[in-house]
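# Structural overview
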Amino acid sequence: IHAIATPKPTLLFAIASDDVEQVRKVLDSGEAGPNDPVGPQSALAFTLTNDKLARRNDIVKVLLAYGADPSALRNPALNPTARAEGNVGPPPETTLEGMDPATRYFMARADNAHTRQTSRLIYRSFFRPLTRVRYDVVGQDWALEQLFRVLSMHSQRLAVAPIVVLLCGPSGHGKSLLARKFGSLLEVPTHTVNMTTLRSTHDIWQSHSMSPYEEPSSYTLAEFLIANEGKRCVVVLDEIEKTEDQKALWSLLMPWELGRCSLAAGTRHIDVHNVIWLGTSNIGHQLVFEHHQNRPEQDKPLTREEYLQLMDILRPRVSECLGASLLSRVTTVLPFVPFTLEEKKAIAAESVYALGGDSARELSPQEVEALVMKALPHYVPGEGARSLHRAISNQLVDAM
């Protein structure tokens, strides 16, 4: 009796299933690529023109994250005109003008030459999956570029110290989201320490992972590092500047410089040179806003030169708070900056789909944009994305 061969998953069926995880699974398997044609259309065109898909926007983001080329939408062979009398050009829903603000933002981001250039920094390294974070985190393009540069140096063994990155700036601008996505995208273990709970040097090694987004673990940080000794893993130090006694941070000096960790007196050193240490902090949030207000053209996106200037003036401020000894062992300090208008629109549109559920997915792009425009006046810079989430929530209650 011959076994019946199981058909290989196809991108067409994965997209048509309206299951985001199934699309991701097919792309991960390598059985299909994000630029494979789906019938007479590109995968992007097929998704955007399929009005039966409730998760259309999420599937588009997955396709873009895995490398779908938006230029296919401008190719009549891959995005043919809809068959209706009087139709000229591509279907409206495949043009930027016909998309909701979030899809428009992510599509334009993927089509940007600088985005592709930055991604090439880590294209052939272990860190390549991190390029997908662009479709989870809105904005912070220069922070991501600087991060990719640091990771590129380590991939090419141009740096010997462990990777220690501090994400600094105002609340609600993506610091914790980026830190949270790090381990899952790289598919490595993550341990998150709530630094506000520390009272002594010993506490940091006995801290259990406090992130609600990770699998529950009974490991302390010490046990986590022992279990992953010598392996690539991520330790997130959340709200690092809010430690009650800064002496609690002194035990990080050796692991951050030498990649070895002494968990207690008289014990052997643990190899932690492959650990990626990520600290999040609100240090310098006012400095970030002042820098933004002093820019000659505040409405335009930050330039690379302006971002590097902000990095230079932020690092001394962080040194004042955490101490020069500790900061001298930090690979890079990345400021998170205020959102542009298009970024605010994208965040608000994402909130419509996240908070509105199935009913929100039945809204037209124009209806979504109308909700977004009503929410924008309620944006609070010091609260960032959280203020937009709240404003959209109120808009949805009123609409219902």
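Residues numbered from 1 in each chain as written. Predicted model: local features only at pLDDT ≥ 70, side-chain atom pairs only at ≥ 80, totals over all residues. Heavy atoms only, no water.

As named in an unreviewed UniProt entry, the protein is ATPase dynein-related AAA domain-containing protein, taken from Pisolithus tinctorius Marx 270.

Right, let's get into the overall build of the protein. Within the protein, the secondary structure is distributed over 17 helices and nine strands. For the protein, whose C-alpha radius of gyration is 23 Å, the value lies close to the compact-globule estimate of 21 Å for 400 residues. Based on the C-alpha atoms only, the size of the protein along its principal axes is roughly 80 × 70 × 40 Å. Residues classed as buried in the protein amount to 49% of the 400 residues present. Of the contacts formed within the protein by residues at least 6 apart in sequence, a portion of 69% connects residues at least 24 apart. Split by element, the accessible area of the protein, about 19,800 Å² in all, is 52% carbon and sulfur. Charged side chains in the protein number 41 positive and 46 negative. The centres of these two groups are separated by 4 Å. (Helix = DSSP H or I, 4+ residues; strand = E, 2+ residues; numbered from the N terminus. Rg over C-alpha atoms; globule rule 2.2 N^0.38 Å. Buried < 20%, exposed > 50% of the residue type's maximum accessible area, 1.4 Å probe, protein only. Contact = heavy atoms within 4.5 Å. Areas by Shrake-Rupley, 256 points an atom, 1.4 Å probe, with all protein chains shown as cover. Lys, Arg positive; Asp, Glu negative; His and termini not counted. Charge placed at Lys NZ, Arg CZ, Asp CG, Glu CD.)

What follows is about unusual backbone geometry. The backbone of Asp18 sits at a positive phi, close to 65°, despite the residue not being glycine. By the secondary structure assignment, Asp18 is in the loop between helix 1 (11-16) and helix 2 (20-29). When its relative accessible area of 21% is taken as the criterion, Asp18 is described as partly exposed.

Two side chains bearing opposite charge may form a pair once their charged atoms approach each other closely. Per the counting criterion, the structure on display carries 19 salt bridges. Of the charged contacts in the structure, one is a salt bridge between Glu21 and Arg24, with a shortest N-O distance of 2.5 Å. Taken together, the positions of Glu21 and Arg24, both in helix 2 and three residues apart, correspond to about one turn of that helix. Between Arg329 and Glu257 there is a salt bridge; the shortest N-O distance is 2.8 Å. (Salt bridge = Lys/Arg side-chain N within 4 Å of Asp/Glu carboxyl O.)

All right, on to the packing of helix 4 (residues 56-65) against helix 5 (residues 101-110) then. One can describe the packing of helix 4 onto helix 5 by two numbers: an axis separation of 10 Å at closest approach and a directional angle of 10°. The orientation of helix 4 with respect to helix 5, classified from their angle, is roughly parallel. Residues Asn57, Val60, Lys61 and Leu64 of helix 4 lie in contact with helix 5, whose contacting residues are Thr103, Phe106, Met107 and Ala110. A class-by-class count of the residues in the contact of helix 4 with helix 5 yields five nonpolar, two polar and one charged. (Axes fitted to C-alpha atoms, helices over the stretch in contact; angles between N-to-C directions. Parallel < 35°, antiparallel > 145°, perpendicular 65-115°, else oblique. Nonpolar A, V, L, I, M, F, W, Y, C, P; charged D, E, K, R; others polar.)

Moving on, we come to the packing of aromatic side chains. What the rule picks out here adds up to four aromatic pairs. Between Tyr105 and Phe106 the ring centres are 5.2 Å apart and the planes differ by 70°, which places this aromatic pair in the edge-to-face class. With respect to burial, Tyr105 and Phe106 carry one shared label: buried. Where Trp256 meets Trp277, the ring centres are 6.3 Å apart and the plane angle is 65°; that geometry is what we call edge-to-face. One end of the pair, Trp256, is in helix 11 (residues 253-258); the other, Trp277, is in strand 8 (residues 275-281), and 21 residues separate them in sequence. Counting every residue linked through ring pairs, the aromatic cluster contains Tyr105, Phe106 and Tyr135. Positioned over the ring face of Tyr123 is Arg128, at 3.9 Å from the centre of the ring. Over the face of the ring belonging to Tyr66 we find Arg132, whose NZ or CZ atom lies 4.0 Å from the ring centre. (Phe/Tyr/Trp six-rings, centres within 6.5 Å; stacked < 30°, edge-to-face > 60°. Lys NZ or Arg CZ within 6 Å of the ring centre and 35° of its normal.)

At a minimum axis distance of 9 Å, the contact between helix 2 and helix 4 shows a crossing angle of 15°. One way to sum up the angle between helix 2 and helix 4 is to call them roughly parallel. Between helix 2 and helix 4 lies a crossing of right-handed hand. Between helix 2, through Val20, Val23, Arg24 and Leu27, and helix 4, the contact on the second element is made entirely by Asp58, Ile59, Val62 and Leu63. (Left-handed = near helix turned anticlockwise from the far one by under 90°.)

Right, let's talk about the sheet that holds strand 9 (residues 332-335) for a bit. The sheet built from five strands is open, its strands ordered 4-5-8-3-9 with parallel pairing. Each edge of the open sheet carries a strand with a single partner, namely strand 4 (190-194) and strand 9. Taken over all neighbouring pairs, the strand axes of this sheet differ in orientation by 20° on average, direction set aside. Contacts from helix 7 (residues 141-155) reach strand 3 (163-168) and strand 9, with the element oriented near 160° to strand 9. Set on the sheet, helix 13 (residues 304-322) makes contact with strand 3 and strand 9; between it and strand 9 the angle comes to about 115°. (Pairing = 2+ DSSP bridges.)

On to the nonpolar core, then. Residues Leu11, Ile15, Val23, Leu44, Leu63, Leu64 and Met107 are the most contacted members of the largest nonpolar core, which totals 51 residues. Elements with a minimum of two residues in this core: helix 1, helix 2, helix 3 (43-48), helix 4, helix 5, helix 15 (341-361), helix 16 (365-375) and helix 17 (385-399). When residues in this core are grouped by element, the largest group, seven residues, is from helix 15. Discounting residues that sit within four places of it in the chain, Leu11 has contacts with Val23, Val26, Leu27, Ala32, Gly33, Pro34, Val38, Ala43 and Leu63. (Core = buried A, V, L, I, M, F, W, Y, C linked by side-chain atoms within 4.5 Å.)

Secondary-structure assignment places Thr243 in the loop between strand 5 (233-238) and helix 11. Note on Thr243: relative accessible area 5%, which makes it buried. Among the polar contacts listed, one links the side chain of Thr243 to the backbone oxygen of Ile240, at a separation of 3.0 Å. (Polar contact = N/O pair within 3.5 Å; in protein donor to acceptor, adjacent residues only side chain to side chain.)

Locating Lys175 in the fold gives a position in helix 8 (residues 175-186). This buried residue, Lys175, is left without a salt bridge; Glu239 holds the nearest opposite charge, at 7.2 Å.

This part covers helix 13. Across its 19 residues, helix 13 extends 26 Å between first and last C-alpha, which sits within 8% of the 27 Å expected from 1.5 Å per residue. Those residues of helix 13 that are buried are in contact with helix 7, strand 3, helix 12 (285-293), helix 14 (324-327) and strand 9. Downstream of helix 13 by one or two residues, Gly323 has phi in the positive range, about 100°. (Expected span 1.5 Å × (residues − 1).)

Below, the discussion takes up the pairing of strand 9. Alternating positions in strand 9 separate into two faces, Thr332 and Leu334 on one and Val333 and Pro335 on the other, with burial throughout. Of the pairings in the sheet, the one linking strand 3 to strand 9 comprises four bridges and is parallel in character. What sits directly across from Val165, in strand 9, is Thr332.

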